[in-house]
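Here's the letter readout for the chains.
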Amino acid sequence: MERGITITGSENINMFRLITLKHALKLETLGMKRGGRSVYAIVKEEFGLKGSKQKVYEQLDDIITTIKRKRQENNNNG
């Protein structure tokens, strides 16, 4: 029996993508390489972040935390 997960809704899909980028960037900070552009380059370009891989990782983590907090506040108020 195959088990899977389905993510629906643009907000949920975007959040899943951000979390995936965060985890991929963490692997890059630990030395893992990938073909093509680095996740570090993608995140820096997409979010306009600057700094080392670790600093960009921390900034991306802050962005995700802020988005989650705002979503939680909206859910509590609505």
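Here, the structure is the one placed above.
Residues numbered from 1 in each chain as written. Predicted model: local features only at pLDDT ≥ 70, side-chain atom pairs only at ≥ 80, totals over all residues. Heavy atoms only, no water.

Engineer: Hey, could you go over the overall build of the protein chain for me, with residue numbers and the actual values?
Structural biologist: Scanning the protein chain from terminus to terminus reveals 3 helices and 0 strands. Ordered by position in the sequence, the α and β elements of the protein chain form the string α-α-α. Here the C-alpha atoms of the protein chain give a radius of gyration of 15 Å, more than 25% beyond the 12 Å that 2.2 N^0.38 yields for 78 residues. Oriented by its inertia axes, the alpha-carbon framework of the protein chain measures out at about 40 × 40 × 20 Å. (Helix = DSSP H or I, 4+ residues; strand = E, 2+ residues; numbered from the N terminus. Rg over C-alpha atoms; globule rule 2.2 N^0.38 Å.)

Engineer: Hey, could you go over the packing of aromatic side chains for me, with residue numbers and the actual values?
Structural biologist: Counted by the stated rule, this structure contains 0 aromatic pairs. Note that Lys-26 overlies the ring of Tyr-57, its terminal NZ or CZ placed 5.1 Å from the centroid. (Phe/Tyr/Trp six-rings, centres within 6.5 Å; stacked < 30°, edge-to-face > 60°. Lys NZ or Arg CZ within 6 Å of the ring centre and 35° of its normal.)

Engineer: Help me get a handle on helix α2 (residues 39–47), residues and values and all.
Structural biologist: Within the sequence span of α2, burial applies to Val-39, Tyr-40, Ile-42 and Val-43. Projected down its long axis, α2 carries its buried residues within an arc of 165 degrees, all on one side. Elements in contact with the buried residues of α2: α1 (10–29) and α3 (53–77). Count one or two residues on from α2 and you reach Gly-48, which has phi positive near 70 degrees. (Buried < 20%, exposed > 50% of the residue type's maximum accessible area, 1.4 Å probe, protein only. Arc of directions from axis to C-beta. Contact = heavy atoms within 4.5 Å.)

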